[in-house]
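# Summary of the model geometry
So you can see what is in the structure, the chains are spelled out below.
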Amino acid sequence: MTALWIAISVLLGLAALLSTARLMLGPSILDRALSVDVLVASALTGIGAYAAFNRDPTVLPILLVLSLIGFVSSVSVSKFVVRRHLDEADSAEGKGWNT
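Summarised in this report is the structure supplied together with it. All values derive from a computational prediction rather than experimental measurement. (Residues numbered from 1 in each chain as written. Predicted model: local features only at pLDDT ≥ 70, side-chain atom pairs only at ≥ 80, totals over all residues. Heavy atoms only, no water.)

## With respect to the overall build of the chain
Scanning the chain from terminus to terminus reveals three helices and zero strands. Helices (α) and strands (β) of the chain occur, in sequence order from the N terminus, as α-α-α. Relative to the 2.2 N^0.38 estimate, which gives 13 Å for 99 residues, the radius of gyration of the chain is 19 Å and therefore markedly larger than a compact globule would have. Looking at the chain as a whole, 14% of its 99 residues qualify as buried. Pairs at least 24 apart in sequence give 45% of the contacts found in the chain among residues at least 6 apart. Surface exposure of the chain reaches about 7,300 Å², of which carbon and sulfur atoms provide 72%. Each charge sign in the chain was given a centre, from 7 positive and 7 negative side chains, and these centres are 5 Å apart. (Helix = DSSP H or I, 4+ residues; strand = E, 2+ residues; numbered from the N terminus. Rg over C-alpha atoms; globule rule 2.2 N^0.38 Å. Buried < 20%, exposed > 50% of the residue type's maximum accessible area, 1.4 Å probe, protein only. Contact = heavy atoms within 4.5 Å. Areas by Shrake-Rupley, 256 points an atom, 1.4 Å probe, with all protein chains shown as cover. Lys, Arg positive; Asp, Glu negative; His and termini not counted. Charge placed at Lys NZ, Arg CZ, Asp CG, Glu CD.)

## What about the side chain of Ser 35?
Along the chain, Ser 35 falls in helix α2 (residues 29-54). Ser 35 gets classed as buried once you look at its relative accessible area, which sits at 2%. If we skip the residues at most four places from it in the chain, Ser 35 touches Ser 19, Arg 22 and Leu 23.

## Concerning the packing of helix α1 (residues 2-25) against α2
Between α1 and α2, whose axes approach to 8 Å, the crossing angle comes to 165 degrees. Taken together, the axes of α1 and α2 lie roughly antiparallel to each other. Along this stretch, α1 crosses α2, giving a crossing that reads as left-handed. For the pair formed by α1 and α2, the contact residues are Leu 4, Trp 5, Ile 8, Leu 12, Ala 15, Ala 16, Ser 19, Thr 20, Arg 22, Leu 23 and Met 24 on the first element and Asp 31, Arg 32, Ser 35, Val 36, Val 38, Leu 39, Ser 42, Thr 45, Gly 46, Ala 49, Tyr 50 and Phe 53 on the second. Residue composition of the contact of α1 with α2, grouped by class: 14 nonpolar, six polar and three charged. (Axes fitted to C-alpha atoms, helices over the stretch in contact; angles between N-to-C directions. Parallel < 35°, antiparallel > 145°, perpendicular 65-115°, else oblique. Left-handed = near helix turned anticlockwise from the far one by under 90°. Nonpolar A, V, L, I, M, F, W, Y, C, P; charged D, E, K, R; others polar.)

## Re α2
Relative to the 38 Å expected for 26 residues at 1.5 Å per residue, α2 spans 37 Å between its end C-alpha atoms, a close match to the ideal helical length. All of the buried residues in α2 are Ala 33, Ser 35, Ser 42, Ala 49 and Ala 51. Looking one or two residues past α2, Arg 55 carries a phi angle of roughly 50 degrees, positive in sign. (Expected span 1.5 Å × (residues − 1).)

## Some points on a nonpolar patch on the surface
Taken together, the side chains of Leu 14, Leu 17 and Leu 18 define a hydrophobic patch exposed on the protein surface, amounting to about 320 Å² of accessible area. Note on placement: Leu 17 falls in helix α1. (Patch = residues over 30% accessible without salt bridge, like charges linked within 9 Å, V, L, I, M, F, W, Y side chains within 5 Å. Salt bridge = Lys/Arg side-chain N within 4 Å of Asp/Glu carboxyl O.)

## A few points about the packing of aromatic side chains
Taken as a whole, this structure holds one aromatic pair when the rule is applied. Measuring from ring centre to ring centre gives 5.1 Å for Trp 5 and Phe 53, while their planes differ by 90 degrees; the resulting arrangement is edge-to-face. Of this pair, Trp 5 sits in helix α1 while Phe 53 is found in helix α2, placing the two residues 48 residues apart along the sequence. Here Trp 5 falls in the partly exposed class, since its relative accessible area comes to 33%. Looking at Phe 53, the relative accessible area reads 23%, which means it is partly exposed. (Phe/Tyr/Trp six-rings, centres within 6.5 Å; stacked < 30°, edge-to-face > 60°.)

Quick look at the structure:
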């Protein structure tokens, strides 16, 4: 059981480390939003593994709130990027630029 917990911790730590690197290096806002989603998913998985190993149901509300925050943030970033892209397309269209 301890070896499994160590393996899960190492893999989640590696996922978080790689996601943090993408967060720092990502050239676009979508790369950064995806890396934040991976970080949230890693946190959710770690908390879920803790709850499963320790049979602790008190962390379930934390999992619920964290998953809702992750979903809402993903949707809001997506809407922001689409609106920004549409605004750029409209301004280019009004100036006679072909994109």
